[in-house]
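Now for the letters of each chain:
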Amino acid sequence: MGIEILGLPMMYYIAMVAKVLVAFVFVLLTVAYATYAERKIIGHMQVRLGPMRTGWHGLLQPIADGVKLFFKEEIIPSQASTFAFLVAPLIALIPAFITFAVIPFGGVIEVAGYKIPLQIAAYYDTAAGQVYDINVGVLYILAMSSLGVYGIVLAGWASNSKYSLMGGLRASAQMISYELAAGLAIISVFMLSGTLSLNKIVALQSGFGGFEWYLFKQPLAAFMFFICSLAEINRTPFDLPEAETELVSGFCTEYSSMKYAMFFMAEYANMVTVCALTATLFLGGWNGPLTAAFPLLGPVYFVAKVYFLMFVCMWIRATLPRYRYDQLMHLGWKVFIPVALVNIVVTGIIGYFI
Amino acid sequence: MNPITPIINGMKITFKHMFMKPVTLQYPTERPKVSQRFRGLHGLKVSHSKAKCVACYLCPTVCPAKCITVEAAEDANHDKYAAVYEIDMLRCIFCGYCVEACPVDALKMTGEFELANYHRQDFIYSKERLLEK
């Protein structure tokens, strides 16, 4: 390991590429199988079976869907703004995936004498003996998740169709409303942690055998953040931008083939990211019993927490009907924002006296 | 009522449903059990190795869809019998009036419901196809 590039050992670059590949492939597989899990879980909640034909109990369904979408005809409407139409799915998809770069999914593991923190955008400084990651990780995530809405708005506008435009408009209005409440909900976490680095936020939750979660200190904020995140990623019951019953398919009405698949992947990748973020901020991230002795347990706990939250998303989808537009706005502006503000004030007062 | 309780109650119900036995029937591999009185494909009953039908024309008369064609003839014993007995399944509405009208109980409706076919001619069921096996 004598070779150094830009002052960093060769191992750093190998570990970086390996982490990126493993995390990306894992997220991609999770996204693919989230569609299967969703259909299966909702099916069983409705006393149906869900997909059963493709492979054993329908296990090959996501692959079959992907292949089918791949071979479908690409349609670009003649009146569409072609460039924006083509670039919109990418704008939706890329932020959904790159958000994962700052989420810590495990502790520090040691490979061939070199310590690797299990977080893509992080680096273990051997001299200082600590992990350095992006110190404004949460801001990065909030920025990226706000970028995703551009894809949807652009798709709605570029399609040159009434339904798509309505979907895009709704998406933007909804995102603005709920981004505020979600942001305010996380602020109360920062007031406790005093840092924006996700790695440190996770480390601060490691007490009590890995159960000193912010969920117990900030239950209201955790609840609000999760609900607002659902609204931000357009999951049911807040899926107004693609409300089939009124808007055909909302912003992706005019899309077909792989471009449609990209929107679909973006939606599920966003769900994975939001669940991972909620797990990191409120459920102690990769913390759990015995993570100090067995560092590889960290990713296992993290994945378990993320999958549990994804199950909750699907559970909510199976239960609740879609909100009406005015109810959505009412919930965002008149309930969540005031409650989040009160939560911040109360956290401040309690924090000042303790 | 506060708005959260109904949501929690709903979530409880969906969670319970997840562990119930699904009602789905995997159709081509699993077969539905049709009831005794199911009105499917018609069948001509057989007695003493020939059809019981005496070609009385009551079934085409009562048929609201006018899908039954009967032509009577005389056999070796000078008995009336149906030389032609055809039911057009594309017109049949499976009302069962023909079965009710039959004075000699020569007609029944079976549990057979897979009547799809490739050609229009194949939907006209002749006497041979309708005779019970």
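The structure under discussion appears in the preceding block.
As a starting point, this report considers the structure included with it. (Residues numbered from 1 in each chain as written. Chains lettered and ligands numbered in written order. Predicted model: local features only at pLDDT ≥ 70, side-chain atom pairs only at ≥ 80, totals over all residues.)

1. Quick word on the overall build of chain B
At step 1: Scanning chain B from terminus to terminus reveals four helices and seven strands.
At step 2: Listing every helix and strand of chain B by position from the N terminus yields α-β-β-β-α-β-β-α-β-β-α.
At step 3: The globule rule puts the C-alpha radius of gyration for 133 residues at 14 Å, and the 23 Å found for chain B is more than 25% above it.
At step 4: Based on the C-alpha atoms only, the size of chain B along its principal axes is roughly 85 × 30 × 30 Å.
At step 5: Here chain B, with 133 residues, has 14% of them falling under the buried criterion. (Helix = DSSP H or I, 4+ residues; strand = E, 2+ residues; numbered from the N terminus. Rg over C-alpha atoms; globule rule 2.2 N^0.38 Å. Buried ≥ 20, exposed ≤ 12 C-beta atoms within 10 Å, placed from the backbone.)

2. Describing the interface of chain B and chain A
At step 1: Taken together, the contact pairs twelve residues of chain B with eleven residues of chain A.
At step 2: Taken together, the residues that form the side of chain B that touches chain A break down as seven nonpolar, five polar and no charged. (Contact = placed C-beta atoms within 7 Å. Nonpolar A, V, L, I, M, F, W, Y, C, P; charged D, E, K, R; others polar.)

3. Considering helix 4 (residues 137-158) of chain A
At 3.6 residues per turn, the α-helix brings residues three or four places apart onto the same side.
At step 1: If you check helix 4 of chain A, its first and last C-alpha atoms are 32 Å apart, about what 22 residues at 1.5 Å a residue would give, namely 32 Å.
At step 2: Downstream of helix 4 of chain A by a residue or two, Asn-160 of chain A has a phi angle that is positive, lying close to 55 degrees. (Expected span 1.5 Å × (residues − 1).)

4. Regarding the packing of helix 11 (residues 257-282) of chain A against helix 12 (residues 297-319) of chain A
Residue and element names in this part refer to chain A.
At step 1: Their axes nearest at 9 Å, the elements helix 11 and helix 12 cross at an angle of 120 degrees. Classified by the angle their axes make, helix 11 and helix 12 are oblique. Handedness of the helix 11/helix 12 crossing: right-handed. In contact with Met-271, Val-272, Cys-275, Ala-276, Thr-278 and Ala-279 of helix 11, helix 12 contributes Phe-302, Lys-305, Val-306, Leu-309, Met-310 and Cys-313.
At step 2: The class makeup of the residues in the contact of helix 11 with helix 12 is ten nonpolar, one polar and one charged. (Axes fitted to C-alpha atoms, helices over the stretch in contact; angles between N-to-C directions. Parallel < 35°, antiparallel > 145°, perpendicular 65-115°, else oblique. Left-handed = near helix turned anticlockwise from the far one by under 90°.)

5. Description of the environment of Val-149 of chain A
All names here are of chain A.
At step 1: With respect to the element layout, Val-149 can be found in helix 4.
At step 2: Put simply, Val-149 and Ala-171 are 22 residues apart on the chain and 7.1 Å apart in space, counted from C-alpha to C-alpha.
At step 3: Those residues in contact with Val-149 that lie beyond four places of it in its chain are Ala-171, Ser-172 and Met-175.

6. So, the pairing of strand 4 (residues 68-74) of chain B
As a general feature of sheets, a regular strand has side chains that alternate between the two faces.
Residue and element names in this part refer to chain B.
At step 1: Examined bridge by bridge, strand 4 and strand 5 (residues 80-88) share seven bridges and lie antiparallel to one another. Following the sheet pairing, Ala-72 is matched in strand 5 by Ala-82.
At step 2: With antiparallel pairing between neighbouring strands as the criterion, strand 4 and strand 5 make up a hairpin whose turn holds five residues, including His-78 at a positive phi of roughly 60 degrees. (Pairing = 2+ DSSP bridges.)

7. A closer look at the sheet that holds strand 7 (residues 124-125) of chain B
Think of a sheet as strands paired side by side through backbone hydrogen bonds, with each pair either parallel or antiparallel.
At step 1: Strands sit in the order 4-5-7 (chain B) across an open sheet of three strands; the sheet is antiparallel. Sheet topology places strand 4 and strand 7 of chain B at the edges, where each strand pairs with a single neighbour.

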